[in-house]
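# Overview (structure and organization)
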Amino acid sequence: LAAVWAGGHFVPLPIDLLTDGSAAAAPHMLAMLQDVQVVFCSPQHVETLEKLTASSLHPPKLLPIDDAELMGAEPARLCMANDGSYDGTATVAVDRCGEAMAAHHRFCTFHTSGTTGSPKAVHSTHAEFAAFATAAAAPYRLSADSRIFVATSHVFDPSAGMEFAAWAAGAAVCLAPWQQTLQHLREYVELTGATHACSTPSVWALYALDGATSATVPGTVLLGGEPMPVELIRAWLNLGVTLVNTYGTTEATVYQFAYVLPPAIASLPDADIQQHALCLGEPFDGISVDVVSSSDASTLEATAGELVLSGLQVGGPDRWNGTSDRFYTGDLVRRTATGGLAF
């Protein structure tokens with residue numbers, strides 16, 4: 001938020017790569033730092049980052065932030081009222097780098113490995129990210145009364161995506177440290193009083209369901225990034241949860257489709273539930289969709305082909321160094337009997 005307010009853009013970095021001892025960590029991080037001018041980090045990472053970037057032609061400036069020092073320096077200035085609102089004693093002086101950012105200015109950069117295993121930078125503009133954030137409220141059923149727990153690592157685009165989508169709807173964002181979230185997912189969701197949760201199915205499978213009731217779980221759970229297991233679908237639908245299968249590609253800004261799984265499918269055979277788990281649902285407002293047949297049509301069903309997207313949220317050829325206003329996702333989809341799309 002501070003970077004955007006000051007006229008810059010933000011680039012989430014997997015700082016844990018530097019502490020896991022992986023041989024690939026250094027070149028991976030260096031590739032991500034190529035376009036970065038300033039790195040905010042914890043004090044314990046400064047020395048490692050200095051060594052990593054010492055040979056860079058334009059090493060980034062390192063600005064360590066000590067959370068404990070910040071929170072302990074002037075506690076009176078951070079005082080909150082009993083209703084959760086700030087008491088107004090804090091004052092902030094902001095020196096912005098210019099007027100409001102133009103729609104085509106960069107908003108954020110997320111990295112995806114694609115098919116190569118190397119970091120690939122995907123830049124989003126203010127216009128593209130705003131289009132996603134404002135379009136997401138309807139399919140995700142967000143309102144000003146919503147509290148969404150974002151159970152995804154900060155280096156994946158759904159993290160910032162769901163945070164800004166919540167703020168655009170006037171909702172509250174609920175966060176917890178990532179490693180602790182993996183260990184105490186249910187505890188944190190309950191502590192924050194979340195009405196919504198966003199995660200991948202593999203992370204959400206860590207939620208301990210023993211003793212859970214419809215009164216103790218979020219009313220809406222959004223899962224994306226990988227297929228939903230049948231067991232997970234049945235368990236959460238039986239709790240009365242609105243389960244949303246969401247699909248998207250980073251190059252087209254976070255997510256582009258959402259499908260609400262019908263509650264009645266919980267009693268169907270596994271094979272039938274699996275078919276629903278593959279449904280993409282409806283495209284977000286402003287997303288145009290096409291299905292382009294493969295050049296080798298004999299290997300595909302007549303109703304199948306590559307998913308192609310366009311629209312303000314998707315962006316244009318400058319975004320992915322292409323020549324078309326349409327983004328070819330590389331994902332194969334098929335038309336269903338009801339006219340929808342299935343992965």
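Here is a short report on the structure shown in this document. (Residues numbered from 1 in each chain as written. Predicted model: local features only at pLDDT ≥ 70, side-chain atom pairs only at ≥ 80, totals over all residues. Heavy atoms only, no water.)

### Some thoughts on the layout of surface pockets
Counted as a void, the largest pocket has a volume near 1,900 Å³. Contributions of two or more residues to the lining of the largest pocket are made by α1 (2–5), β1 (38–41), β5 (147–151), α7 (157–168) and α8 (178–183). Among the elements that take part in the lining of the largest pocket, α7 stands out by supplying 5 residues, more than any other. A per-class count over the lining of the largest pocket returns 26 nonpolar, 11 polar and 3 charged. Reported here for the second largest pocket is a volume of approximately 890 Å³. Lining the second largest pocket are 35 residues, and of these G225, E226, G248, T249 and T250 sit closest to its centre. Listed by contribution, the elements that provide at least two residues to the lining of the second largest pocket are β3 (106–112), α7, β9 (242–247) and β14 (327–335). Residue contributions to the lining of the second largest pocket peak at 4 residues, all from β14. Within the lining of the second largest pocket, the residues separate by chemical class into 15 nonpolar, 15 polar and 5 charged. (1 Å grid on protein atoms, 1.4 Å probe; cavity = no way out; pocket = protein on both sides within 12 Å on 5 of 7 lines; lining within 4 Å. Points joined across faces, edges and corners; volume = space filled by probe spheres on them. Helix = DSSP H or I, 4+ residues; strand = E, 2+ residues; numbered from the N terminus. Nonpolar A, V, L, I, M, F, W, Y, C, P; charged D, E, K, R; others polar.)

### Focus on the packing of aromatic side chains
This model, assessed by the stated rule, comprises 16 aromatic pairs. With a centroid separation of 6.3 Å and 90° between ring planes, the pair formed by F10 and F110 is classed as edge-to-face. Placement of the pair is F10 in the loop between α1 and α2 (25–32) and F110 in strand β3, with a sequence separation of 100 residues. The two residues F10 and F110 agree in class, both being buried. With a centroid separation of 6.3 Å and 10° between ring planes, the pair formed by F10 and F164 is classed as stacked. Here F10 is found in the loop between α1 and α2, whereas its partner F164 is found in helix α7, with 154 residues between them in sequence. For the pair formed by F10 and F164, the shared burial category is buried. Joined through ring pairs, the aromatic side chains of F10, F107, F110, F129, F132, Y140, F164, W167 and F284 make up one cluster. (Phe/Tyr/Trp six-rings, centres within 6.5 Å; stacked < 30°, edge-to-face > 60°. Buried < 20%, exposed > 50% of the residue type's maximum accessible area, 1.4 Å probe, protein only.)

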